[in-house]
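# Structural overview for review
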Amino acid sequence: MHKRQTPFDLLCELSVLMNAWKSVRANKGAAGIDLVTIAEFERDLMNNLQSLAERLGEGRYYPMPARTVEMKKRSGGTRTLGILTVEDRIVQRALLDVVEPLWEPAFLDCSFGFRPGRNVEMAVKQVLDFRAAGDLFVVDADIRDCFGAIRHDLLMQLAGRRIHDKRLLTLIRIHLDTGQALAPENASDETLLERLTGYAGESVDAAITHLLDERASLGYGAYAGYGAYPAPYPLDADAPRDESEMRRQARNQALRRLGQNAAVVGLTYLGRSRRLFSPATLAVAGAAVIAGAAYPAASRALRKRLGGRPSGVGTVQGGALSPFLSNVYMHEFDRAMLDARLRLVRYADDFVICCRTESEARAAMELAARKLADLGLQMHPDKTRIARFDQEGGLEFLGYRFDQFTINAAPLPQQTSLVTALLNESKEKLAPAVARLKQGATRSARETAHRISSLTRRLKRGGTS
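Residues numbered from 1 in each chain as written. Predicted model: local features only at pLDDT ≥ 70, side-chain atom pairs only at ≥ 80, totals over all residues. Heavy atoms only, no water.

### Some points on the overall build of the chain
Per the secondary structure count, the chain includes 17 helices and nine strands. Sorting the 465 residues of the chain into buried and exposed places 45% on the buried side. Looking at the chain alone, contacts between residues at least 24 apart form 74% of all its contacts between residues at least 6 apart. When the accessible surface of the chain is summed, it comes to about 24,100 Å², and 54% of that surface belongs to carbon and sulfur atoms. (Helix = DSSP H or I, 4+ residues; strand = E, 2+ residues; numbered from the N terminus. Buried < 20%, exposed > 50% of the residue type's maximum accessible area, 1.4 Å probe, protein only. Contact = heavy atoms within 4.5 Å. Areas by Shrake-Rupley, 256 points an atom, 1.4 Å probe, with all protein chains shown as cover.)

Quick look at the structure:
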């Protein structure tokens, strides 16, 4: 008799991974650090997805670090986005499809960002409704580096309140630990050694400790302190399986994959020449990193000496899981604000609190600051303020400007990119020259037509005579 299907079993189903692949393909995107594009992954799609399903079910899947790029923000500054490998994007999307239904019923009505059936326009309408009900003041807040300040241990503790399958929690933690071991592409001051030790310190420590532990059961159960978890149920219930042999194979294959990943991180400096290296060569090249990662204390000491960023903090923006995890993390903040009967409207890491009086707004700002501090977050002092709806330039929120005199909001003008601005400027400068060319071309065409017409008439006269 088959056991009852768990959320983790659902994650490993080929149909779930196929749906996740369709979402990844629709979103397009560049290749990760393994340089495998969506088109290349699709060439052998079924075999790739089948292999992924097997590695997930047997505890042999480990993600690769994200390749990072810098994107300009509307409010100024830049935001670091992570480009995951196609395979890791599929796993994150499938994870989201499985765990989102577990958490969605718990999320509160004040949260509008990255939730099914909710959008920016609904959040803006909610703010307008609060204004129509008599709220004149608003706490316009900005959280400083929200995604980069999320504490992994606290996030996993919060996520575990509704996600009870330890293997799902383990996979989420692995993706958090892997993070963005690669520096932004424009950062030239990071050495190859720092990149390699970054990969080791961020993603391999606990994985290797688990894999080298002979007492560890098959699968992800012992990772990150979640305790042993029973091996996945065999696909064929009647076929006897040697768990010790399976555990050995899973450990060996996972070590090989981690070695290849580590080598790819190092070979990032060589760009597309990585294609010249075989999987065996990559495994050998990553052996030194794997050996160092097997001793977490030494790895952490080395990273500290190199001045690496602290582990256990921050999520990579750009994956499917990141917005969902931020909602899980901010759920405690939402609940605290509503328990205090405050009129909160939050979209991911952007939020406003609508108030009747200025004193109420100041008290709301102080409470919000305390509750965010409990989560290890803080409001940006230069971008957080108390505003009035009826003052000039009163409120801009989620790309909308709220009217000073009426209960309306209009989208802000779309920002023009640098390339578009240069093209527009070039068009304006070239417009007179283009007009002259057109006039010249028209005049020339007329003259040519006149000459042809005259020649035709002369020929006709000549033929007649």
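Picking up where we left off.
### Side note on the environment of Arg151
Mapped onto the fold, Arg151 is located in the loop between helix 7 (146-149) and helix 8 (152-159). By relative accessible area, Arg151 is classed as partly exposed at 36%. For the pair Arg151 and Gly312, spaced 161 residues apart in sequence, the C-alpha to C-alpha distance is 6.1 Å. Beyond its immediate chain neighbours, meaning those up to four positions away, Arg151 contacts Gly312, Tyr329, Asp374, Leu375 and Gly376.

### Some thoughts on the pairing of strand 5 (residues 350-355)
A large share of strand 5 lies buried, amounting to five of its six residues. Of the strand pairs in this sheet, strand 3 (residues 137-142) and strand 5 are connected by six bridges, and their pairing is antiparallel. Looking at the pairing, Val138 lines up with Cys354 of strand 5. Strand direction decides the pairing type here: strand 4 (residues 343-347) and strand 5, joined by five bridges, are antiparallel. Its bridge partner being in strand 5, Arg346 is matched across the sheet by Phe351. Taking the residues that link successive antiparallel strands as the turn, the strand 4-strand 5 hairpin has two residues, and the phi of Ala348 there is positive, at about 60°. (Pairing = 2+ DSSP bridges.)

### A look at the pairing of strand 3
Counting buried positions along strand 3 yields six of six residues, so the element is predominantly enclosed. Direction of pairing for strand 3 relative to strand 6 (residues 385-388): antiparallel, over a ladder of four bridges. Note on strand 6: the bridge partner recorded for Val139 is Ile386.

### Let's talk about the packing of helix 5 (residues 86-103) against helix 15 (residues 321-339)
Packing of helix 5 against helix 15 leaves a shortest axis separation of 9 Å and a crossing angle of 30°. Judged by the angle between their axes, helix 5 and helix 15 are roughly parallel. Relative to helix 15, helix 5 is oriented so that their crossing is left-handed. Touching Gln92, Leu95, Leu96, Val99, Glu100 and Trp103 of helix 5 are Leu321, Phe324, Val328 and His331, all from helix 15. (Axes fitted to C-alpha atoms, helices over the stretch in contact; angles between N-to-C directions. Parallel < 35°, antiparallel > 145°, perpendicular 65-115°, else oblique. Left-handed = near helix turned anticlockwise from the far one by under 90°.)

### A short note on the packing of helix 8 against helix 9 (residues 166-178)
How two helices pack is summed up by the angle between their axes together with the distance between the axes. Interaxial distance between helix 8 and helix 9 falls to 11 Å at its minimum, and their mutual angle equals 160°. Taken together, the axes of helix 8 and helix 9 lie roughly antiparallel to each other. The element helix 8 and its partner helix 9 pack so that their crossing is right-handed. For the pair formed by helix 8 and helix 9, the contact residues are His152, Asp153, Leu155, Met156 and Ala159 on the first element and Leu169, Ile172, Arg173, Leu176 and Asp177 on the second. Residue composition of the contact of helix 8 with helix 9, by class: six nonpolar, one polar and three charged. (Nonpolar A, V, L, I, M, F, W, Y, C, P; charged D, E, K, R; others polar.)

### Some remarks on helix 6 (residues 120-132)
Taking 1.5 Å per residue, 13 residues should reach 18 Å; helix 6 reaches 19 Å between its end C-alpha atoms and fits that length. On its buried face, helix 6 sits against strand 4, strand 5, strand 7 (395-397), strand 8 (400-402) and strand 9 (409-411). By the N-cap criterion, in which a side-chain oxygen at the helix start approaches the backbone nitrogen of a residue two or three places on, helix 6 is capped by Asn119, the distance to Glu121 being 3.2 Å. Two residues or fewer after helix 6 comes Gly134, characterised by a positive phi angle close to 120°. (Expected span 1.5 Å × (residues − 1). Polar contact = N/O pair within 3.5 Å; in protein donor to acceptor, adjacent residues only side chain to side chain.)

### A short note on the environment of Val16
Its place among the elements puts Val16 in helix 2 (residues 14-27). Accessibility expressed as a relative area gives 13% for Val16, which makes it buried. When the C-alpha positions of Val16 and Ala53 are compared, they lie 9.6 Å apart, and in sequence the two are 37 residues distant. Val16 has contacts with Leu10, Leu11, Ala94 and Val98, leaving out every residue within four places of it along the chain.

### Considering the nonpolar core
Among the nonpolar cores identified, the biggest contains 69 residues, and Ile90, Phe351 and Ile353 are the most heavily contacted of them. Excluding its chain neighbours within four sequence positions, the residues that come into contact with Phe351 are Val139, Asp140, Ala141, Ile143, Phe333, Leu344, Val345, Arg346, Ala368, Leu372, Met379 and Phe397. Residues Val345, Tyr347, Ala348 and Leu395 belong to the second largest nonpolar core, which totals 20 residues. (Core = buried A, V, L, I, M, F, W, Y, C linked by side-chain atoms within 4.5 Å.)

### Considerations on unusual backbone geometry
Residues other than glycine seldom take positive phi values, yet Lys28 does so here, at roughly 60°. Considering the arrangement of structural elements, one finds Lys28 in the loop between helix 2 and helix 3 (38-43). With a phi angle near 55°, Leu398 is a residue other than glycine that sits in the positive phi range. Take Leu398: it is sitting in the loop between strand 7 and strand 8.

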